[in-house]
Amino acid sequence: MTNKIFVRNFSVALLIIFLILVLVSFYFLEPRSDLLWYHSWIDGFSKEGFKYIGHDYPPIWPMYLYVLSYIKNYFVDNVFLKKLVIILPSALSYIFFIVICSKLLIKQYNSKIFSFIILLFITFNPAFIEDCIIQGQIDILPVFFVILSILTLINNKYPKLSLPFFTVGILIKFQMIAFFPVIAGMLLNKNYRRFLLPNILLSIIVICIVLFPYYLVGNLSSIIKVGYINASERYNELSLNASSLWIFIKQYDLNHNNPMFSDYISDFSLLKYVTYKYVGMFMFSIFSFILFIRSYLTNKKSEFFILAWIANIVFYIFLTAMHERYIFYAVPISLLAAIYNKKLFILSILITYVASINMAVFLYGFSNWILLLRINCVLLIINAICLVYYMVKKH
């Protein structure tokens, strides 16, 4: 049996098992975390219509919940259906992600053993199970569009849709801004800049289509405010169960608008502007600029996924007010990078471990959770250093 036939048959079998797992899990697990919020938002839409702004998400996800409010009578009394219809977009995104990985494995001519191991790890990835199935989060949905953004460009298949796909990701979750330096560098790269103008025009059309319904009902400014402008102040602590650099500070729950050098403000008044938030943003901006330059200059297609991987780590460890699960975005991206570069699979396992432990700390609580998060932060830094070393060595 050739690797092509093996991968195709094995991926189909895994997809069937995955679907059964999702259905069984949704049937037995009680709704928790954001699933409960989503259902309350559906109730809000059903009472107040599209003008309802009781949520704090960018525009696309509330639109989906608004649609569900019209059919809520068919699932409101059924816990299983309630979870299924809400998480359906995330589940479909992950199914398509598995399909994409399968096709890439066939093209890369990887061995059957590697194909078997990585497909198994992709399908039953603990980070995805914790994020989507257990918590009911939709984090796979926006990052899936970031993945499409990269793939359409490097594979030269519908390259004019690269930025529109990324735009959809941003319109679902503001955190996708982490990948903007890499996407911007790609579009300005000499190999792809000929697609820049149509990408920009199509992205503007996407934005107009998504925001137009909000304009019609008169809450355009409100959705922009809650989804983007107030995003950095929605949670203002240094760390929200995140294994970022700020977890090493004793008062990790400190307001990130506080000056870092408060003891010296009386001597140097300008230090009052040096807040934790702005220091984090400054560090993130420096590393993002480096990633942008690398993305702009590189000629290696597979390197873009490595750069996106690093971008998520930089975003996560430097910026304040990070939630524990915001490193999850690096997991599917790392798996794609591992398909292109088998040596990176061990680092992909490491980033999955970090994301899984972070979410487990939030879900189940551990007496030594601070220590675990600090160790995870060190592992993230090691992960990024190894990725940089791999790129330099390969170059």
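Residues numbered from 1 in each chain as written. Predicted model: local features only at pLDDT ≥ 70, side-chain atom pairs only at ≥ 80, totals over all residues. Heavy atoms only, no water.

Undergrad: I'd love a proper account of the overall build of the protein chain, names of residues and values included.
TA: Along the protein chain, the regular secondary structure elements total 17 helices and two strands. Its C-alpha atoms give the protein chain a radius of gyration of 21 Å, within 12% of the compact-globule value 21 Å for 395 residues. With the C-alpha coordinates aligned to their principal axes, the bounding extent of the protein chain is approximately 75 × 60 × 50 Å. Classification of the 395 residues of the protein chain by burial places 53% in the buried group. In the form shown here, the protein chain has an accessible surface area of approximately 18,200 Å², with 69% of it arising from carbon and sulfur atoms. Each charge class in the protein chain was averaged separately, 31 positive and 16 negative side chains, and the resulting centres sit 18 Å apart. (Helix = DSSP H or I, 4+ residues; strand = E, 2+ residues; numbered from the N terminus. Rg over C-alpha atoms; globule rule 2.2 N^0.38 Å. Buried < 20%, exposed > 50% of the residue type's maximum accessible area, 1.4 Å probe, protein only. Areas by Shrake-Rupley, 256 points an atom, 1.4 Å probe, with all protein chains shown as cover. Lys, Arg positive; Asp, Glu negative; His and termini not counted. Charge placed at Lys NZ, Arg CZ, Asp CG, Glu CD.)

Undergrad: Talk me through empty space enclosed by the protein; I want residue IDs and the actual numbers.
TA: Tallied over the entire structure, the rule returns one cavity of 30 Å³ or more. In this model, the largest cavity occupies a volume close to 30 Å³. What lines the largest cavity is simply K300, S302, E303, I306, N341, M391 and K394. Among the elements of the structure, α14 (303-318) and α17 (369-394) are those that each provide at least two residues to the lining of the largest cavity. Partitioning the lining of the largest cavity into residue classes produces two nonpolar, two polar and three charged. (1 Å grid on protein atoms, 1.4 Å probe; cavity = no way out; pocket = protein on both sides within 12 Å on 5 of 7 lines; lining within 4 Å. Points joined across faces, edges and corners; volume = space filled by probe spheres on them. Nonpolar A, V, L, I, M, F, W, Y, C, P; charged D, E, K, R; others polar.)

Undergrad: Let's hear about a nonpolar patch on the surface: which residues, and what values?
TA: Together, L245, F248, V378, I381, I382 and I385 line one region of the surface with nonpolar side chains, adding up to about 480 Å² of accessible area. When you line up the elements, V378 lands in helix α17. (Patch = residues over 30% accessible without salt bridge, like charges linked within 9 Å, V, L, I, M, F, W, Y side chains within 5 Å. Salt bridge = Lys/Arg side-chain N within 4 Å of Asp/Glu carboxyl O.)

Undergrad: Can you tell me about α17, naming the residues and giving the values?
TA: Its 26 residues place the ends of α17 37 Å apart at the C-alpha level, agreeing with the 38 Å of an ideal helix rising 1.5 Å per residue. For α17, the full list of buried residues reads I370, L373, N376, C377, L380, N383, A384, L387, Y390 and M391. Lining the buried residues of α17 we find α13 (276-297), α14 and α16 (345-364). (Expected span 1.5 Å × (residues − 1). Contact = heavy atoms within 4.5 Å.)

Undergrad: Give me the lowdown on the layout of surface pockets, citing residues and values where you can.
TA: The space that makes up the largest pocket amounts to roughly 820 Å³. In terms of lining residues, the largest pocket is bounded by 34 residues, among which Q175, A231, Y235, H323 and Y326 are the most central. At four residues, the largest contribution of residues to the lining of the largest pocket is made by α13.

Undergrad: Tell me about the pattern of salt bridges, and please be specific about residues and values.
TA: Think of it this way: side chains of opposite charge can pair up when their charged atoms draw near. Counting across every chain of the model gives three salt bridges. Here E303 and R294 are joined by a salt bridge, their closest N and O atoms 2.5 Å apart. Here the residues in one salt-bridge network are D139, K173 and R325, joined through shared partners.

Undergrad: Got a sec to walk through the environment of S239? Specific residues and values, please.
TA: Turning to its location among the elements, S239 is positioned in strand β1 (residues 239-240). Counting along the chain gives 84 residues from S239 to H323, while the straight-line C-alpha distance between them is 7.0 Å. Those residues in contact with S239 that lie beyond four places of it in its chain are S244, I247, Y252, A321 and M322. Polar side-chain contacts of S239 include one of 2.9 Å to the backbone oxygen of A242. (Polar contact = N/O pair within 3.5 Å; in protein donor to acceptor, adjacent residues only side chain to side chain.)

Undergrad: So what about the packing of aromatic side chains? Which residues, and what values?
TA: Counting across every chain of the model gives 30 aromatic pairs. Ring plane angle 65 degrees and centroid distance 5.4 Å describe the contact between Y38 and W61, whose orientation is recorded as edge-to-face. A residue pair is termed long-range when its members are at least 10 positions apart, and Y38 in helix α2 (residues 34-48) and W61 in helix α3 (residues 60-70) qualify at 23 residues. The same class applies to Y38 as to W61, namely buried. Taking the centre distance of 6.2 Å and the plane angle of 40 degrees together, the rings of F145 and F165 count as tilted. With F145 in helix α7 (residues 140-154) and F165 in helix α8 (residues 162-172), the pair connects residues that are 20 residues apart, well separated along the chain. Chaining the aromatic ring pairs together yields one cluster made of F45, F50, Y52, Y66, Y70 and Y214. The ring of F114 has K342 sitting right over it, with the charged end atom 5.7 Å from the ring centre. (Phe/Tyr/Trp six-rings, centres within 6.5 Å; stacked < 30°, edge-to-face > 60°. Lys NZ or Arg CZ within 6 Å of the ring centre and 35° of its normal.)

Undergrad: Go over the environment of M359, please, and point to the residues and values.
TA: With respect to the helices and strands, M359 occurs in helix α16. In sequence terms M359 and I327 are 32 residues apart; their C-alpha atoms lie 9.8 Å from each other. Among all residues touching M359, those that are not within four sequence positions of it are A127, E130, D131, Q135, E324, R325 and F328.

Undergrad: Please provide a residue-by-residue account of the environment of T123, values included.
TA: Counting through the fold element by element, T123 comes out in helix α5 (residues 112-123). Separated by 29 residues in sequence, T123 and Y94 have C-alpha atoms that sit 8.5 Å apart. In contact with T123, not counting residues within four places along its chain, are L14, F18, Y94 and I98. A polar atom in the side chain of T123 sits 2.8 Å from the backbone oxygen of L119.

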